[in-house]
Number of protein chains: 2
Amino acid sequence: MNPTHIARCAQLAMVLEVSATPKPGNIDRDHNYTDTRFEHFLASAVGVYPILEKAACAGSGVGSFIRQAVLESARWQSGGNTHFGAFILLIPLVMAGGACEDEAGECLREKLERVVKETTVDDAAELYLAFSDAKVRVKPVDDLDLSDSASVDKIKEQGLTLFDMMEMSAGYDIIAEEWVKSFPKTFECARLIKEKIKAHSINDAIVLTFMEMLARNKDTFIQTKFDSKKAEEVSRRAAIILQKGGGDMEVMRNDIHAFDRELLDEGVNPGSTADIIIAGLFVSLFEGMRF
Amino acid sequence: MNPTHIARCAQLAMVLEVSATPKPGNIDRDHNYTDTRFEHFLASAVGVYPILEKAACAGSGVGSFIRQAVLESARWQSGGNTHFGAFILLIPLVMAGGACEDEAGECLREKLERVVKETTVDDAAELYLAFSDAKVRVKPVDDLDLSDSASVDKIKEQGLTLFDMMEMSAGYDIIAEEWVKSFPKTFECARLIKEKIKAHSINDAIVLTFMEMLARNKDTFIQTKFDSKKAEEVSRRAAIILQKGGGDMEVMRNDIHAFDRELLDEGVNPGSTADIIIAGLFVSLFEGMRF
């Protein structure tokens, strides 16, 4: 498909995700962190456009495109890491979308599987360099410490591809798990958004999908920043609110607001769930969703 | 300059403008109208990217690019007219920016003057067609009624260029006046934003500049929808709030919120001032402003 179309779907996914409110614990149109603001996310989404467009035309180079996206995002805003996890999902999605003739059927899933499985050692090395460019806090894969510049040499010595690295992290990282298991949460998220938009505004469709994804999955970002218990507790809280509200956004809105304030006060941000929402929004828009 | 850079400056200008809150009477991140929502503006800004990029590479075709932008915007959202007035300012700005070697000095102003003065009869006809595509409410220029399809023939018979048409409207339309007088309010707006961002967030820099521009100039959109008296009254109200607040955003925030609620209740939206803010933001970003 037309690379400018694909790039715009990815860009709009990022812009809609960060705008949706209340999205408990994360930056949204009504919440900033101290050094990172809503507008930094907007500028990042705008800034990466040419990288997304190039990726949609390319048959290889996932790691390099993720790194270019991270660097270009930083040129357009001073809020630090905004979309790192999102780029790890969006870049292969955009490359797969660019390789499809149209938006129908199974093409996106098939191409996506090929894109991630055909990644190389160079892709792994580029992603590692991107992590240190962006100064992102992640759990080291095996003994490959991000703060150690020798890690890239070790990756090359061991001949690890980017897909291999994702396999090594898939047990504890929902983003890596997406790569390894053919993006199940991304497609589930797209299905939920497309279903919810029939009865809700685009904002509320995103908020409800975010709550459902959070309720079902421990957020990796919370688990890394705090621990597994904290991540489980947050998911349980989300599930209780959804159960009590019975799918009615007007019933739940106050509870979601209160949950949001609580997570913000504690510094608990479900960043990995937000990344999956962006990926799911991309798929919905790619498949033709409009509002 | 690099057309992808220019297009991103224009896109970010649109996204930042619609996000800035409280922006009395207009759609912002906290206010929707019934049929047009915040997200429609975001989708419009994302959707027009390829048109902006093409315009940044082109030496002519202002009217056609404005029309293409209007049509592309409508393909990405169902909220109706979002950025019509903004495109009338942005397209020549983007074309002028694309013709400059770098962002320094007087180049943008010089190229801009050439772009608008070299417009043709075809540009005028294309803009007229764009008006009817977008179903925008404007005062007819002379006897060239927008709802009359014969107007395009009359424009051609009379040999009117787009610049000629802007000269005919400049007495009552601040957007047309920008074209005719070398974009004075646009550059003034850029100067104000760059000055205010030294002490304020990007949001507050935009809100304060919006208030100052509104206080100084009768808004054409209000004048067309209501009358000249209403537009004057709105400007006077903005001036009183600014005078009382003495430039301190924290002092003024409550008053601006109250002013916003009042204008929204009355259906009074200073849309032309918002268009000038977008143009001013483009110039600031083109000149290198980051946040």
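In the block above lies the structure referred to throughout.
The model shown is predicted, which means the values in this text are computed figures rather than measured ones.

J.: Kindly report on the overall build of chain A, identifying the contributing residues and their values.
T.: Along its length, chain A carries 16 helices and zero strands. The C-alpha atoms of chain A give a radius of gyration of 18 Å, which matches the 19 Å a tight globule of 291 residues would have. Considered along the principal axes of its C-alpha atoms, chain A spans approximately 55 × 40 × 35 Å. Here chain A holds 291 residues, and 54% of them are scored as buried. Looking at chain A alone, contacts between residues at least 24 apart form 72% of all its contacts between residues at least 6 apart.

J.: A description of the interface of chain B and chain A should follow, citing residues and the corresponding values.
T.: Between chain B and chain A, the residue contacts involve 21 residues of the former and 21 residues of the latter. Tallying contributions element by element places helix H1 (residues 3-19) of chain B first for the side of chain B that touches chain A, with seven residues. Classifying every residue of the side of chain B that touches chain A gives 10 nonpolar, seven polar and four charged.

J.: Summarise the nonpolar core; cite the residues concerned and give the values.
T.: Membership of the largest hydrophobic core comes to 198 residues, with the highest contact counts inside it found for A:Phe282 and B:Phe282. Excluding its chain neighbours within four sequence positions, the residues that come into contact with B:Phe282 are B:Cys9, B:Ala10, B:Ala13, B:Leu90 and B:Leu93.

J.: Which residues make up the environment of B:Thr186, and what values do they have?
T.: Residues and elements named next belong to chain B. Checked against the element boundaries, Thr 186 lands in helix H11 (residues 184-196). With 94 residues separating them in the primary sequence, Thr 186 and Gly 280 have C-alpha atoms 4.6 Å apart. Apart from residues lying up to four places away in sequence, Thr 186 is in contact with Leu 89, Glu 178, Ile 276, Ala 279, Gly 280 and Val 283.

J.: Quick rundown of the relation of the copies chain B and chain A? Include the residues and the values.
T.: Copy one and copy two of the chain differ by a rotation about a common axis and a shift along it. Between chain B and chain A, the superposition needs a rotation of 180 degrees and an axial shift of 0.0 Å, giving an RMSD of 0.0 Å. Within this description, the copies of the chain are treated as partners about a two-fold rotation axis. Among all residues of chain B, the one whose C-alpha sits closest to the rotation axis is B:Arg29, at a distance of 3.3 Å. Mapped onto chain A, 100% of the interface residues of chain B again fall at the interface, so both copies present the same surface.

J.: Give me helix H6 (residues 107-117) of chain A: which residues, what numbers.
T.: All names here are of chain A. Of the positions making up H6, those classed as buried are Leu 108, Leu 112, Val 115 and Val 116. One face of H6 carries all of its buried residues, which in axial projection span an arc of 85 degrees. Looking at the buried side of H6, the elements it contacts are helix H4 (62-75), helix H5 (84-98), helix H9 (162-169), helix H10 (174-180) and helix H16 (271-286).

J.: Please set out the packing of helix H1 (residues 3-19) of chain A against helix H3 (residues 49-57) of chain A residue by residue, giving values where relevant.
T.: The description of two helices packed together rests on the angle between their axes and the distance between the axes. Residues and elements named next belong to chain A. Remark: H1 packs on H3, axes separated minimally by 8 Å, with the N-to-C direction vectors making an angle of 130 degrees. Taken together, H1 and H3 sit at an angle that is classed as oblique. The two elements H1 and H3 cross, and the hand of that crossing is right-handed. Each of Pro 3, Thr 4, Ile 6, Ala 7, Ala 10 and Gln 11 in H1 lies in contact with H3, whose residues at this interface are Tyr 49, Leu 52, Glu 53, Ala 56 and Cys 57. Grouping the amino acids of the contact of H1 with H3 by side-chain chemistry returns eight nonpolar, two polar and one charged.

Thresholds applied
- Residues numbered from 1 in each chain as written.
- Chains lettered and ligands numbered in written order.
- Predicted model: local features only at pLDDT ≥ 70, side-chain atom pairs only at ≥ 80, totals over all residues.
- Helix = DSSP H or I, 4+ residues; strand = E, 2+ residues; numbered from the N terminus.
- Rg over C-alpha atoms; globule rule 2.2 N^0.38 Å.
- Buried ≥ 20, exposed ≤ 12 C-beta atoms within 10 Å, placed from the backbone.
- Contact = placed C-beta atoms within 7 Å.
- Nonpolar A, V, L, I, M, F, W, Y, C, P; charged D, E, K, R; others polar.
- Core = buried A, V, L, I, M, F, W, Y, C linked by C-beta atoms within 7 Å.
- Least-squares fit on C-alpha atoms with pLDDT ≥ 70 in both.
- Arc of directions from axis to C-beta.
- Axes fitted to C-alpha atoms, helices over the stretch in contact; angles between N-to-C directions.
- Parallel < 35°, antiparallel > 145°, perpendicular 65-115°, else oblique.
- Left-handed = near helix turned anticlockwise from the far one by under 90°.

Just geometry here; none of it tells us what the structure is for.
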